[in-house]
Amino acid sequence: MRERFATGFDPFVLPFLIGMVFVLGYCFFGIFRILYQLPKDDRRRFLVSLITPRTALKNVWDIFCNCLLHVKLWKRNKLLGFMHSSIAFGWFMIILLGHLEVFIYCPERVHLFYYPIFFNYFVAENESTIGGAVLFFLMDFFLLLILTGIGLAIVKRVRSRFFGMRRTTRPSLLDRVGLYSLWAIFPLRLLAESFTAHISGGSFLTIPANWVFRQFLGNDLNLLPTWWAYSIVLGVFMVVLPFTRYMHIPAEMMLIPMRNAGLRIRHPRKGFAKVQVLSCPGCGVCIDACPMSAQKVNIKDCTVYLNRQIRRGNEKRIEEISDKCLLCGKCEAVCQVGVEGPRMRVAQRSARRYGLTPDFAAIDTAPLSRAASAAFSGAAGATGAAGAAGAAAGAAGVAGAAGAAGASGASGVAGAAGGAGVAAGAAGVAGAAGAAGAAGAAGAAAAGVAGASKVAFFSGCMTRLTPSVGKAVCSLLDKAGADYVWLDREEGLCCGRPLLTAGRIDAAISLIRKNEEVILGSGADTLVLSCPICYKMFSERYALPGVRVVSYADYFDEFVQQGRLRFEKSDICYVYHDPCELGRGCGIYESPRRLLGQAAGIAEAEKNREESVCCGGSLGSLTLDFAHREVITRKSLENLYSSRADAIATACPLCLSTFRRYSDRPVRDLAEILDASCRL
Amino acid sequence: MENKNVLVIGGGIAGMEAARRLLQLGCEPVIVEQSDHLGGHVAGWHKLFPDMMSAPELVEQMAAGLDGVTVYYRTRVANMNRLGSGYSVMLSNGMSLQCGAVLISTGFRLFDASKKEEYGYGVYDHVVTNSDLEAWFGGAPDDRIPDSPARVAFVHCVGSRDLKAGNPQCSKVCCMTAIKQAIEMKEKFPSAEVWCFYMDLRLFGKKYEDFYIAAQRDHGIHFVRGRVSEVSEDIHGHVVLKAEDTLAGTPVKLNADLLVLMAGMLCNDDTQGLARMVHADVDSDGFMRSRDNIYRINESNRPGIFFAGACTGTKTVPETVAEARAAALDIYNYLNGRD
Ligand SMILES: Cc1cc2nc3c(=O)[nH]c(=O)nc-3n(C[C@H](O)[C@H](O)[C@H](O)COP(=O)(O)OP(=O)(O)OC[C@H]3O[C@@H](n4cnc5c(N)ncnc54)[C@H](O)[C@@H]3O)c2cc1C
Ligand code: SF4
Ligand code: SF4
Ligand code: SF4
Ligand code: SF4
């Protein structure tokens, strides 16, 4: 080993150094800004998580798996995974090995940023020593790996279909500068190291290249200019990085610990949301996934474009994109970075200010819960006194209507949005409520299985609009001998979800409090839901101590296991559509399939479970009109038809009515199918 | 006239009236009817507004004029091609015809009320459609209709003027049908309360407004402007309607013993197929497209293909009959080389 320059410096490192200092400075400044933007309790939580050994270890592991190995991408498409991980991991290894070399051979230079990068220029080592041979081999190996990745990236630009993608985004001008400089970095490094290999040593890539070049060049005049070029492209890349999609590299390293700390999006633009936006590399995977992309006009409303517009600060488009989304959650499910598209949109919607806020505090819930509690056994038969609820609850009716009006009003008042207000401390409150609810549920679970439970069936407005579903659920509860009451058979309050998806979180919470009163006052210990939209709401946002909240699919599945329900298998073959709210929303995929499998044949659609395609009927969108929704519905039906089943089954009343509108084959709710084939 | 044969597709009142007139003009009409009877929808109605004329009697009267007209029942057109100046037609019963002109009078299809699931048709015990009610008036038993209802509710615009149901058109006849049926119910059950929930009342024809005023003044029928949002069933099997009275600005709730849904008129399912057979056009509402909607409603954009009745859009009986006569004359002139 010998250092070639006593000073350990050459002016060519300057471009690199400038870029490096700039990007580091930018990132440090950014980190402080983001930390400053976080609400106090979130900031504390985040900082504590960084020094808690368990989360700290998890952070390192997750960063390694996601940022370097791109594990999630591998699962999506092997070629895409290889391309990204070869570049990321290869580059990381080259930097690591560079540092290792400096540590081993000239530890006194450790403080020089550029030394590990330009090691081969400054230090002449000989590959004949064992250490040199191994290190040089590894260096060349990883360089080759990166070059393969870059080669694939170039192919991908031209033919994205090879990578399982139909559509990708178009890079902006700066993105392109970043892209081309990134592509140029590694071939230039290869050239630079090859020109230097006869002086500083090399391995299987650089030595033969060096030999070839020397055959016709015969001098070392190219040596310094190539190192200059290498340094310049590195510098350019780092200077443009913060303004391009490549910002995702540092941002994701911040996103992962923040997510592991359990942070939630509280503000549409600041803090956690900002980090998510910056972490999006614009890979475009969410474009093909988004059901709205069934139509060209709506492609630019996918999450990747939301991120892009937020980065550009285009307020008008941000509003439009935020309002249009179905909140189906698919982009989030496929995103390998974990950008929470739906949450960002709800946060954005919640920044809007309205002239009129519905207030539900005045509703008298006592008659509703009294009627329900009177209906449990011992009183006048299973649904006996439920009718009385009708007489007493005129007020509730009014409130329900007001709730609906509030939700639909949201799109109308869109223009009146006040800038970027504070989204919602409410989310925090609700979070706590959710936790309490879960604890209660656990406590009540035992009672539920024991069979002596008092069951409240909450159908929600969606089920009331598809009465066949409500009837089937009641019939099944009857057949299983449950002691139940249909809580909102005639009168009931909205679960609050439409208000919540419209971003009107305070109004939603005031409605939630009222519903909690009704349910707790009814004396029920189990709350069964036939609509996954309500179910998600009840299980995440309600505080119902002592009451178990359960979807009808899980509940009937238990009845089957207890032998309380039995089915006769029919010869009809159904394809099961995973409703977004039940599947991606609540993680329930198996119990509906188990039940359906007992009552009929079952087939799978091409895209199912986490990747199921929204029916297009979702309450989430505030602005999609029927013509556009129809296209989405038909596309979703096509996916279901791919299974060649005779009929379609789902477990969401909204999916049911949406599909029924356009389907060429029967569509039935799980409850209807079960009830029809139930044998006592 | 080289070829006096005229194919009439659809033997509703439009097809019947046109065939009768064509016969009088010396043509030889052949009616192809997919069902087993003539008269189409009208054969299933009880009384016709605004004169409360008996619908079966009208159909009978019209059928009497069809002596000498060939009618193929339970038959459809399998295939049709332009041949010379006329059309060569294959029927589903194996017959083939050469005809000089074709009249399309295939009428409409009633909206399937079970598609508006929120109204509970087919799910709740006491929900019927306008068409069910006509059949019941005509004597067909229907156990969904109680013996002595205390309260009857009619809902207008079921599957009409409804983008969600895929039909933005007004069906035009159902406001009047609702009023007519409301009066008939009131006459049958004088002590019953009768309620109509409407979006707008579209009462455009001669005597229609009088009919409406009589319904309010003489029969005490209640009219509420507002769409019904939701229908449920209470434990006694009553239907419970929820709506918003948009004039009063208040929500209303009504318990009723019978709910009648005013199902709308839609284009037939096979309109597209039939149109394609003769290269005629289908309009954006799914009905057949006339050359224009003002002066040439009877004519298609293809030579020798004519329309009459509800196949080009919603029509009342008098409109249908008038169009059928006009079409007969147009066809006669066409066959004689006159424009
Ligand atoms: C509930 C209700 C009540 C009404 N009451 C009144 C009233 O009181 N007064 C009034 O003026 N109007 C009334 N109308 C309107 C009236 O029914 C129509 O104007 C009339 O039916 C139109 O007649 P049409 O012959 O054009 O069609 P249709 O009556 O529909 O007849 C079409 C015929 O064609 C046949 N057909 C269809 N396709 C084919 C095919 N491909 N091949 C062979 N045959 C085919 C059908 O089987 C049918 O027989 C009412 C409508 C409704 C829905
Ligand atoms: S949001 Fe996720 S899936 Fe969409 S482009 Fe960004 S990283 Fe890719
Ligand atoms: S939530 Fe669904 S509709 Fe909205 S952007 Fe994501 S994939 Fe598209
Ligand atoms: S309607 Fe069904 S499929 Fe569509 S968003 Fe809602 S739950 Fe998902
Ligand atoms: S005629 Fe009346 S009931 Fe029928 S669609 Fe038109 S407005 Fe509605």
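It should be emphasised that the depicted structure is a prediction, and the values quoted were computed from it without experimental measurement.

1. So, the pairing of strand β14 (residues 222–225) of chain B
Residues and elements named next belong to chain B.
Line of reasoning, step 1. Pairing of strand β13 (residues 193–198) with β14, which is carried by 4 bridges, proceeds in the parallel orientation. Bridge pairing in β14 places Y198 opposite R225.
Line of reasoning, step 2. Regarding the hand of the β-α-β motif, the stretch spanning β13, helix α5 (residues 208–217) and β14 is right-handed.

2. Concerning the side chain of K536 of chain A
Residues and elements named next belong to chain A.
Line of reasoning, step 1. The residue K536 is located in helix α26 (residues 532–541) in this model.
Line of reasoning, step 2. A relative accessible area of 17% means that K536 is categorised as buried.
Line of reasoning, step 3. Ignoring anything within four residues of it in the chain, the contact list for K536 reads R497, R541, E581, G585 and C586.

3. Let's talk about the interface of chain B and chain A
Line of reasoning, step 1. Of the residues lining the interface, 20 residues belong to chain B; the matching set on chain A comes to 20 residues.
Line of reasoning, step 2. Roughly 1,800 Å² of surface becomes buried between chain B and chain A when both sides are summed, with 53% attributable to carbon and sulfur atoms.
Line of reasoning, step 3. The tally of links from chain B across to chain A stands at 5 salt bridges.
Line of reasoning, step 4. A salt bridge links K471 of chain A to E233 of chain B, with the nearest nitrogen and oxygen atoms 3.7 Å apart.
Line of reasoning, step 5. Listing elements by their share of the side of chain B that touches chain A, those giving two or more residues are β15 (228–233), β16 (239–245) and β17 (250–256) of chain B.
Line of reasoning, step 6. Examining the composition of the side of chain B that touches chain A, we find that 5 residues originate from one element, β15 of chain B, more than from any other.
Line of reasoning, step 7. Split by residue class, the side of chain B that touches chain A holds 7 nonpolar, 3 polar and 10 charged.

4. Thoughts on the domain arrangement of chain B
Residues and elements named next belong to chain B.
Line of reasoning, step 1. Once the domains are mapped, chain B shows domain 1 (5–107 + 268–335) and domain 2 (111–265).
Line of reasoning, step 2. Computed from C-alpha atoms alone, the centre-to-centre distance between domain 1 and domain 2 is 31 Å.
Line of reasoning, step 3. Domain 1 puts 15 residues into the contact, and the matching count from domain 2 is 20 residues.
Line of reasoning, step 4. Summed over both partners, the interface of domain 1 with domain 2 buries about 1,400 Å², with 68% contributed by carbon and sulfur atoms.

5. A word on the site of ligand 4
Line of reasoning, step 1. For ligand 4, the full set of nearby residues is H577, P579, C580, E581, C614, C615, S618, C652, L654 and C655 of chain A.
Line of reasoning, step 2. The class makeup of the residues in the shell around ligand 4 is 7 nonpolar, 2 polar and 1 charged.

6. Thoughts on helix α23 (residues 467–479) of chain A
Because the α-helix completes a turn every 3.6 residues, residues three or four places apart line up on one side.
Residues and elements named next belong to chain A.
Line of reasoning, step 1. Spanning 13 residues, α23 covers 18 Å between terminal C-alpha atoms, matching the ideal 18 Å at 1.5 Å per step.
Line of reasoning, step 2. When you tally the buried positions in α23, you get 10 out of 13 residues, the bulk of the element.
Line of reasoning, step 3. Among the residues of α23, those classed as buried are P467, S468, V469, G470, A472, V473, C474, S475, L476 and L477.
Line of reasoning, step 4. Just beyond α23, the residue with positive phi is G481, at close to 75°.

7. Concerning the nonpolar core
Residue and element names in this part refer to chain A.
Line of reasoning, step 1. Of all hydrophobic cores here, the largest spans 88 residues; its most connected members are L477, L527, F538, Y552, F556, L565 and F567.
Line of reasoning, step 2. Both domains that meet at this core, namely domain 3 (366–399 + 424–561) and domain 4 (566–679), each give it at least three residues.
Line of reasoning, step 3. In contact with F538, other than residues within four places in its own chain, are F458, C495, I519, L527, L529, L544 and V549.
Line of reasoning, step 4. By size, the runner-up hydrophobic cluster in this structure holds 64 residues, among which are L17, L97, Y114 and F118.

Conventions adopted
- Residues numbered from 1 in each chain as written.
- Chains lettered and ligands numbered in written order.
- Predicted model: local features only at pLDDT ≥ 70, side-chain atom pairs only at ≥ 80, totals over all residues.
- Heavy atoms only, no water.
- Pairing = 2+ DSSP bridges.
- Helix = DSSP H or I, 4+ residues; strand = E, 2+ residues; numbered from the N terminus.
- Right-handed = clockwise from strand over helix to strand, strands pointing away.
- Buried < 20%, exposed > 50% of the residue type's maximum accessible area, 1.4 Å probe, protein only.
- Contact = heavy atoms within 4.5 Å.
- Buried area = accessible area lost by both parts, 1.4 Å probe.
- Salt bridge = Lys/Arg side-chain N within 4 Å of Asp/Glu carboxyl O.
- Nonpolar A, V, L, I, M, F, W, Y, C, P; charged D, E, K, R; others polar.
- Domains from an automatic or database assignment.
- Near = heavy atom within 4 Å.
- Expected span 1.5 Å × (residues − 1).
- Core = buried A, V, L, I, M, F, W, Y, C linked by side-chain atoms within 4.5 Å.

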